[in-house]
Amino acid sequence: MNARVFLNPFRLIGLSALDTAAQIGRWGGLFHETVRALPKVDIWGRLLLGQLARIGVDSVPIALFIATFTGVVMALQASYTFTGAVPLYFVGALVGKTMILELGPVLTGLALSGRVGANIAAELGTMRVTDQIDALETLAYDPVAYLVVPRVLAGIVMFPIVVVLATAVGVAAGWATSLQLLDMSTPEFMKGLRLFFEPWDIQFAVIKSLSFGLTITSIGCFFGFTTQGGAEGVGLSTTRAVVVSSMVILVLDAFWAATLL
Amino acid sequence: MSILLKDIHKAFGSNRVLKGFSLEVHEGETLAIVGQSGTGKSVALKHIVGLLRPDRGEVWVDGVELGGLDQEGLYEIRRKVGYVFQFAALFDSLTIEENVGLGLRRIRGMTSDAIRDRVKECLRVVELDGFQGRFPSQISGGQRKRAGLARAIATQPGYLLYDEPTTGLDPVTTTIIDRLIIRTREELKVTAVVITHDMASAYRIADRIGMLYEGTIRFLGTPAEIQACPDSVVRGFIEGKPELLEEAG
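Only a predicted model underlies this, so the values are computations on that prediction, with no experimental measurement involved. (Residues numbered from 1 in each chain as written. Chains lettered and ligands numbered in written order. Predicted model: local features only at pLDDT ≥ 70, side-chain atom pairs only at ≥ 80, totals over all residues.)

(A) Representation of the overall build of chain A. Helix and strand content of chain A: 9 helices and 0 strands. Reading chain A from its N terminus to its C terminus gives the helix and strand order α-α-α-α-α-α-α-α-α. For chain A, the spread of C-alpha atoms along the three principal axes comes to 65 × 60 × 30 Å. Counting the 261 residues in chain A, one finds 46% classified as buried. (Helix = DSSP H or I, 4+ residues; strand = E, 2+ residues; numbered from the N terminus. Buried ≥ 20, exposed ≤ 12 C-beta atoms within 10 Å, placed from the backbone.)

Okay, structure coming up:
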């Protein structure tokens, strides 16, 4: 009896690991279905524009809001750290490098995992529990082509655009802060900004944000599609979509840093 | 052509829902399936359009066995079948016109004007003409069910499946829906399967009634035959007397 109680945590960990592996397998299955549905342009083609707007354009305000304040704080904290030790123009280097390589893509990704991932999981989850996905099937529509493909494509296309915009605004906010609050001049800030800048940094940010777009939309679709039960199930799927996509974003962030830098 | 379900077994985990369920629906007839909640009526209905696959057994629709079909083959069959969902399952983000016209968009060569005309005609049949621009959230439950029926008949299917079309509706709206089902059968000559708990409705609309009990068909016959059936399980259900069911169980 005691041994069984002692072994219970291991059993729970084992079951949890099996469940996670099964979820990854099912996500892989949906991803495979998504790739297979790509040729069905007649189904998803006319829906893509709407999703580009919903997933991309509608996300711009929150992304810019986050980037603006990140840029301001970056400039202030860099100045606080560097004063008396490092020339102040390094503020431009730190703001630019950090915004482009890390904070622009990751903070935007995390914010959009909440805005976009949750939205997709809740919408598709509600459609699942109210038989709307079954209804699509009975109308001879491939639900993956109708619901998943346009969302995932929109994520892949729009995330890099939103991240580039957010990064640019973040750097601009850092520059404006440097001018107004740190007594720096534009040439000083630009000198720092150019100091360690590599064009590859932009490509790196775009690759990262593209993978985040794919991750957030496909995970949102997966949890929405596999929703069970009623309102509680939709809530659970939405939470899982945000938590899992946030975790995967951070793992991918480390992965890209380790493999591409 | 007809619908044939042969020895269907279906379980969800340890819960065996259908245990050798067999049923043949003849061409042009309306067959009602009745039974207590949770006996697997909707599960049986979903097998007819391949939304669920049986663990064992065969489903034949329009002379084709669904088990051997790939996705495209299944879509071909689904184009011949209209499905009216229990809560209509209209798409929230689409207007009533877009909802009803969605299946028509899958028909090659159908122009936007032709789709609009067909949608108008279907909405006229269910007495919802003029509601084209509204969203599902802007109409009542009964109207949603009628819109769901309009969507199901839009593609002029040979088969119609109704999953509890009158559940939750007031008696007047129930009668309106029943009349629509009868009218649809008469005008479109469809073969229909109706899942219902409402015996008065089943007597009105069905040519035959099948009672599902413990995973199989317990009784199958005309409305007159089921009312004269001496089986205490059948009597217990149609007369709403649980003690008769307990006696038999």
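(B) Spotlight on the overall build of chain B. Helix and strand counts for chain B come out as 10 helices and 10 strands. For chain B, the C-alpha radius of gyration of 18 Å lies close to 18 Å, the compact-globule estimate for 249 residues. Here the C-alpha coordinates of chain B stretch approximately 60 × 45 × 35 Å along the principal axes. (Rg over C-alpha atoms; globule rule 2.2 N^0.38 Å.)

(C) Geometry of helix α4 (residues 112–125) of chain B. Residue and element names in this part refer to chain B. Helix length check: α4, at 14 residues, gives a terminal C-alpha distance of 20 Å against a target of 20 Å (1.5 Å per residue), a fit within 8%. Looking at α4, one finds that the buried residues are I115, R118, V119, C122 and L123. Buried positions in α4, seen along its axis, are confined to an arc of 135 degrees and lie on one side of it. Projecting away from the buried face of α4 at angles above 90 degrees are the exposed residues D113, D117 and R124. (Expected span 1.5 Å × (residues − 1). Arc of directions from axis to C-beta.)

(D) Representation of the interface of chain B and chain A in the model. On the side of chain A, 10 residues touch chain B, which itself brings 14 residues to the contact. Of the residues contributing to the side of chain B that touches chain A, the split by class is 10 nonpolar, 1 polar and 3 charged. (Contact = placed C-beta atoms within 7 Å. Nonpolar A, V, L, I, M, F, W, Y, C, P; charged D, E, K, R; others polar.)

(E) Examining the packing of helix α3 (residues 60–82) of chain A against helix α4 (residues 90–129) of chain A more closely. All names here are of chain A. The geometry of α3 relative to α4 is characterised by a closest axis approach of 9 Å and an angle of 145 degrees between their N-to-C directions. Here α3 and α4 pass one another in a crossing that is right-handed. Residues of the contact of α3 with α4, tallied by class, amount to 17 nonpolar, 6 polar and 1 charged. (Axes fitted to C-alpha atoms, helices over the stretch in contact; angles between N-to-C directions. Left-handed = near helix turned anticlockwise from the far one by under 90°.)

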